[in-house]
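So you can see what is in the structure, the chains are spelled out below.
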Amino acid sequence: MYSMVEILVGIIQGLVIILLSPLITGIMRKTKARTQKRMGASVLQPYYDILKLIKKDEVISDQSSWIFRICPWVNFVALATAAFFIPLFLMYSPFGLAGDLLLVIGLFALARFFTMLASLDVASSFGGLGSSREMMYSALLEPALFLTIFIVALTYGGTNLSTLVTAVSGATLLPHPQLIFAAIAMFVLVLGETGRLPFDNPSTHLELTMVHEAMILEYSGKSLALIEWSQAIKLLILLVLVVNIFVPWGISSSITIPALGIGFVSLFAKISILAIFIAYFESSIAKWRLFRIPDLVAVAIASSMIGIILYYIK
Amino acid sequence: MVSTQLSILTISGSILIIATFSVVARRGFIDWLNAYRHQSIVLAGVTAIIGYITGIWEIYIAAALTLIVKSIIIPKVLTYVTRRLEIEFKIETNPYVSLRTSVIISALLVGLSYFLTQQIPFKSDPVVNVLLPVSMAQFFIGLFVLVNRRTVLSQVVGLLIIENGLFLFTMVLTHGVSLIIEVGIFVDILIGIVISSILLFRMGRTFDSLDVTNIENLRDD
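What this report covers is the structure whose coordinates are included nearby. What you see is a predicted model; the values in this text were computed from it and never measured.

1. A short note on the overall build of chain A
Then comes step 1: Scanning chain A from terminus to terminus reveals 11 helices and 0 strands.
Then comes step 2: When the helices and strands of chain A are placed in sequence order, the string is α-α-α-α-α-α-α-α-α-α-α.
Then comes step 3: A compact globule built from 314 residues would reach a C-alpha radius of gyration of about 20 Å, and chain A, at 19 Å, matches this within 12%.
Then comes step 4: Dimensions along the principal axes, computed over C-alpha positions, put chain A at roughly 55 × 45 × 40 Å.
Then comes step 5: Counting across all 314 residues of chain A, residues that qualify as buried make up 49%.
Then comes step 6: Sequence separation of 24 or more characterises 79% of the internal contacts of chain A that already satisfy a separation of 6 or more.

2. Some remarks on helix H7 (residues 179–207) of chain B
Then comes step 1: When the terminal C-alpha atoms of H7 of chain B are compared, their 41 Å separation across 29 residues agrees well with the 42 Å that a helix rising 1.5 Å per residue should span.
Then comes step 2: Tucked into the core, H7 of chain B has its buried residues touching helix H3 (57–81) and helix H6 (152–174) of chain B.

3. Structural notes on the environment of Tyr156 of chain A
All names here are of chain A.
Then comes step 1: With respect to the helices and strands, Tyr156 occurs in helix H5 (residues 125–156).
Then comes step 2: Residue classification places Tyr156 among the buried positions, given that 20 C-beta atoms sit within 10 Å.
Then comes step 3: With 142 residues separating them along the chain, Tyr156 and Ala298 place their C-alpha atoms 25 Å apart.
Then comes step 4: Non-local contacts of Tyr156, meaning those with residues more than four positions away in its chain, are made with Leu164, Ala167 and Val168.

4. Some words on helix H3 (residues 66–84) of chain A
Residue and element names in this part refer to chain A.
Then comes step 1: Between its first and last C-alpha, H3 extends 27 Å over 19 residues, near the 27 Å set by a 1.5 Å rise per residue.
Then comes step 2: Of all the bends found along H3, the most pronounced is centred on Pro72 and spans about 30°.
Then comes step 3: The complete set of buried residues in H3 reads Phe68, Cys71, Pro72, Asn75, Phe76, Ala78, Leu79, Ala82, Ala83 and Phe84.
Then comes step 4: On the buried face of H3, the contacting elements are helix H1 (4–35), helix H4 (101–121) and helix H9 (221–246).

5. Some words on the interface of chain B and chain A
Then comes step 1: The interface is formed by 18 residues belonging to chain B together with 15 residues belonging to chain A.
Then comes step 2: Those elements giving two or more residues to the side of chain B that touches chain A turn out to be helix H1 (3–25) and helix H4 (99–119) of chain B.
Then comes step 3: For the side of chain B that touches chain A, the leading source of residues is H4 of chain B, giving 10 residues.
Then comes step 4: Tallied by class, the residues present in the side of chain B that touches chain A amount to 10 nonpolar, 7 polar and 1 charged.

6. Quick word on the packing of H1 of chain A against H3 of chain A
Residues and elements named next belong to chain A.
Then comes step 1: Interaxial distance between H1 and H3 falls to 8 Å at its minimum, and their mutual angle equals 135°. Looking at the two axes, H1 sits oblique to H3. Here H1 runs over H3; the crossing is right-handed. Residues Gly10, Gly14, Ile17 and Ile18 of H1 form the contact with H3, whose own contacting residues are Ala80, Ala83 and Phe84.

Scoring rules and cut-offs
- All residue numbers refer to positions counted from 1 along the written sequence of the respective chain.
- Ligands are numbered from 1 and chains lettered from A, in the order in which they are written.
- Only residues with pLDDT of at least 70 are given local features in this predicted model, and only at 80 or more are side-chain atom pairs given and counted; all residues enter the totals for whole chains, interfaces and linings.
- Comment: elements are numbered from the N terminus, with helices defined as DSSP H or I runs of at least four residues and strands as E runs of at least two.
- A radius of gyration in this sense is built from C-alpha atoms; the matching globule rule multiplies 2.2 Å by the number of residues raised to 0.38.
- Exposure is read from a count of other C-beta atoms within 10 Å of each residue's own; the residue is exposed at 12 or fewer, buried at 20 or more and partly exposed in between. C-beta atoms are placed from the backbone.
- We call two residues in contact if the C-beta atoms placed from their backbones are at most 7 Å apart.
- What a helix should span is 1.5 Å times the count of its residues minus one.
- One axis fitted to the seven residues ending at a residue, another fitted to the seven starting there: the angle between these axes is the bend at that residue.
- Residues are sorted three ways: Asp, Glu, Lys and Arg are charged, Ala, Val, Leu, Ile, Met, Phe, Trp, Tyr, Cys and Pro are nonpolar, and all the rest, Gly among them, are polar.
- Axes here refer to lines fitted to C-alpha atoms; in helices the fit is confined to the stretch in contact. Angles between the N-to-C directions go from 0 to 180 degrees.
- Geometric relationships in this document are graded by angle, where less than 35 degrees denotes roughly parallel, more than 145 denotes roughly antiparallel, 65 to 115 denotes roughly perpendicular, and other angles denote oblique.
- Handedness of a crossing follows from how the near helix is turned relative to the far one, being left-handed for an anticlockwise turn of less than a right angle and right-handed for a clockwise one.

Purely geometric stuff here, so don't read any function into it on its own.
Written out as structure tokens, the structure reads:
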């Protein structure tokens, strides 16, 4: 069993993910603006947006049903629950016994499913368009995601995130070449899951390019704030997973204040570097045509297939 | 043998496979050349490590030649020859098998080469165990690129990848043939590239395209 202190640290980890996530989104927006030679809004802008949206009134179509109204809450609750299973700056999460990596993916899928339902619920043409595209993406990304998870789980023995991260931080990356391929696939998957650039442009409202934006077009006020926030949480969770599974060095193994401090600082630095890299990557490419996206997903699938081959044959 | 060396060899093998894949997964000639250049640099590194492990000094010369000829001269020659070509000649728009299918097929080919090398009993030498499947994968994927694509430029790149695979194959299995043959092979590749570039230049002039199906017709009608 875990002691009270450990449970307290676990709760703090989950809360840090939830509270820190708009900042990471802000850092990515700022980086993108600077690469386009704009000043860009402050990195705290997503917090201001959320605070402003919470104060505003909400407009709900009288054609919509209860699904439309509960979707933001389902989104937020699912992703906030997922946040508590993630080892952040401590090597394990005390809530890890209740859920593993597969549950986190399942919670993502639940949130995504409700977003798609809600966008169909109001019966606007944009909503249908967005949800059909989103469904295509999720159907394509799922096999690659599971193959990648299998590589990591096979290499380190188990899908429980706490044992996974503990095993990774004890090992060096060198004797496991399959993890390089898993990392390549995972990078593509993070771009796809969070709707970054070659898949979906998060910053436009152009009818040809939007996927996620088309689904949440009808939302306003508090609901929109919740959806934006849960999207930011999802991005941060995926970045934390990438960092803690592939480059976990510096993560704290014991509950002492200096170790936790070092863990937090190194994690924040690694996540910021990854976020800035993704923002640069996004600036250097254009949105791909919808039917070229399977090419990119094929690369992810092929890469994870080679990873599994390497695992079994070596 | 030290395990660090083996780890570095394993990682370089993975990088070689990734570079080979970026030839399969991308459309533009410049991307292929860059992938080939990176692959050759890593190949030179692998060769030098094999030289260090076996202690044969001639392998260092082969590594240096790889670095100079394959990562500098050949890409330079090919860029120089193709600088006047129209951009649509340099892009593979219409391969026989689509891009995403060929990526999956190449992954299966990598699996096949690992499977095949498992059948050959070389358990004693860890270098062979690590790098022989990589060289066979390069060979197979190069062959697949050669068969699958229509334009001459991509076929030249496929040929170069096959050659890289063969070089790695000989280097791993026999620790390098004697130096004079090695130099002969390098001169061969260089001459081959020059001849094929003259050929593709003339072809571009005569047919206004680099599609190989054009030269399958006997009569000009």
